[in-house]
Amino acid sequence: LALPDNVKIVFEVENLKHATLATVSRCGMIWFNSEDLTNEMIYQNYLLKLENIPLSQQERESQTEGSVPTGLITQRRAANTMKSFFTEKGLVNQCMTYAQNQDHIMDFTRERVLTAMFSLINKGILDIIDNEQQSGIAIHDDIVDRYITNKLYFSIMWGFGGSMDLELRENFSDFVLSLTDVSLNQNDIPLLDYE
């Protein structure tokens, strides 16, 4: 692949497990220890982006300087609701610590499970935004708070536990439930079956 001198390509990889010697010899490398980024730094980055960058591509493209799209207002409400769960001793850290000590069918990496959880949360927020835009009515803050909190539980359950086998996922579901204020009747389905 011939590139002009003014074109540079940056590859970001988790590791060099599958890199050939030819690739390694032709690339400059910068290595960051994954422990240089704390969980709290990753959480703060996610919440700041959620508060300041519209999830909706349409809103990102149509946003003008100084304007605040309605979807971004919803995102800020959601970020504010979730902040207390993203602390050093918060629900997210406790659940991730539990989940990383379980057997998974895929390698457990912090980046993979957090990305999965953030994606599921974002989908829930976009569902609220779509509902508000289609109905033309803003959903009451209390309802948004409850929905986002429950969506966070769901996202933790499947983002962290989705690669566990069924028995471990059920145990993880019970663990997550024990840390929340959600109460399920014995006749109810387990937390992992809720959406």
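For the structure, see preceding data.
Keep in mind it's a predicted model, so treat the numbers as computed, not measured.

Undergrad: I would appreciate a short explanation of the environment of Ser-163 in the present structure.
TA: Tracing the chain through its elements places Ser-163 in the loop between α7 (141–161) and α8 (166–178). The spacing of Ser-163 and Val-113 is 50 residues in sequence and 9.3 Å in space, taken between C-alpha atoms. When sequence neighbours within four positions are dropped, the list of residues in contact with Ser-163 reads His-104, Ile-105, Met-106 and Arg-112. Within polar-contact distance, the side chain of Ser-163 engages the side chain of His-104 at 2.7 Å.

Undergrad: What is the right way to look at the pattern of salt bridges in this model?
TA: Here the structure, examined in full by the defined rule, presents 5 salt bridges. A salt bridge links Asp-141 to Arg-77; its shortest N-O distance comes to 3.2 Å. A residue pair is termed long-range when its members are at least 10 positions apart, and Asp-141 in helix α7 and Arg-77 in helix α4 (residues 70–82) qualify at 64 residues. Residue Asp-141 is classed as partly exposed on the basis of its relative accessible area, which comes to 39%. Across the pair Arg-110 and Glu-111 runs a salt bridge, and its minimum N-O distance is 3.9 Å. A relative accessible area of 38% places Glu-111 in the partly exposed class. Put simply, Arg-77, Glu-132 and Asp-141 are held in one network by salt bridges that share partners.

Undergrad: Please clarify how the packing of aromatic side chains should be interpreted in this entry.
TA: In this description, a pair of aromatic rings is defined by centroid distance and the angle of the planes. Inspection of the entire model under this criterion finds 7 aromatic pairs. Measuring from ring centre to ring centre gives 6.1 Å for Phe-85 and Tyr-153, while their planes differ by 90°; the resulting arrangement is edge-to-face. Within this pair, whereas Phe-85 is found in the loop between α4 and α5 (91–100), its partner Tyr-153 is found in helix α7, the two being separated by 68 residues in sequence. What makes Phe-85 buried here is its relative accessible area of 16%. Summarising the aromatic geometry, the rings of Tyr-98 and Phe-175 are spaced 4.2 Å apart at their centres and angled 10° between planes, so their arrangement reads as stacked. Here Tyr-98, found in helix α5, pairs with Phe-175, found in helix α8; they are 77 residues apart in sequence, far enough to count as distant. Using a relative accessible area of 23% as the deciding quantity, one classes Tyr-98 as partly exposed. On the basis of relative accessibility, which here comes to 23%, the residue Phe-175 falls in the partly exposed class. One aromatic cluster in this structure is built from Tyr-43, Tyr-46, Phe-86 and Phe-118.

Undergrad: Can you help me understand the packing of helix α2 (residues 39–52) against α5 in this one?
TA: A pair of packed helices is characterised by two quantities: the angle between their axes and the separation of those axes. With their axes 11 Å apart at the nearest point, α2 and α5 run at an angle of 130° to one another. By the angle class used here, α2 and α5 are oblique. In the crossing of α2 with α5, the sense of the turn from one axis to the other is right-handed. The residues of α5 that touch α2, namely those facing Asn-39, Glu-40 and Tyr-43, are Val-92, Asn-93 and Met-96. Here the residues of the contact of α2 with α5 are counted per class, giving 3 nonpolar, 2 polar and 1 charged.

Conventions used here
Residues numbered from 1 in each chain as written. Predicted model: local features only at pLDDT ≥ 70, side-chain atom pairs only at ≥ 80, totals over all residues. Heavy atoms only, no water. Helix = DSSP H or I, 4+ residues; strand = E, 2+ residues; numbered from the N terminus. Contact = heavy atoms within 4.5 Å. Polar contact = N/O pair within 3.5 Å; in protein donor to acceptor, adjacent residues only side chain to side chain. Salt bridge = Lys/Arg side-chain N within 4 Å of Asp/Glu carboxyl O. Buried < 20%, exposed > 50% of the residue type's maximum accessible area, 1.4 Å probe, protein only. Phe/Tyr/Trp six-rings, centres within 6.5 Å; stacked < 30°, edge-to-face > 60°. Axes fitted to C-alpha atoms, helices over the stretch in contact; angles between N-to-C directions. Parallel < 35°, antiparallel > 145°, perpendicular 65-115°, else oblique. Left-handed = near helix turned anticlockwise from the far one by under 90°. Nonpolar A, V, L, I, M, F, W, Y, C, P; charged D, E, K, R; others polar.

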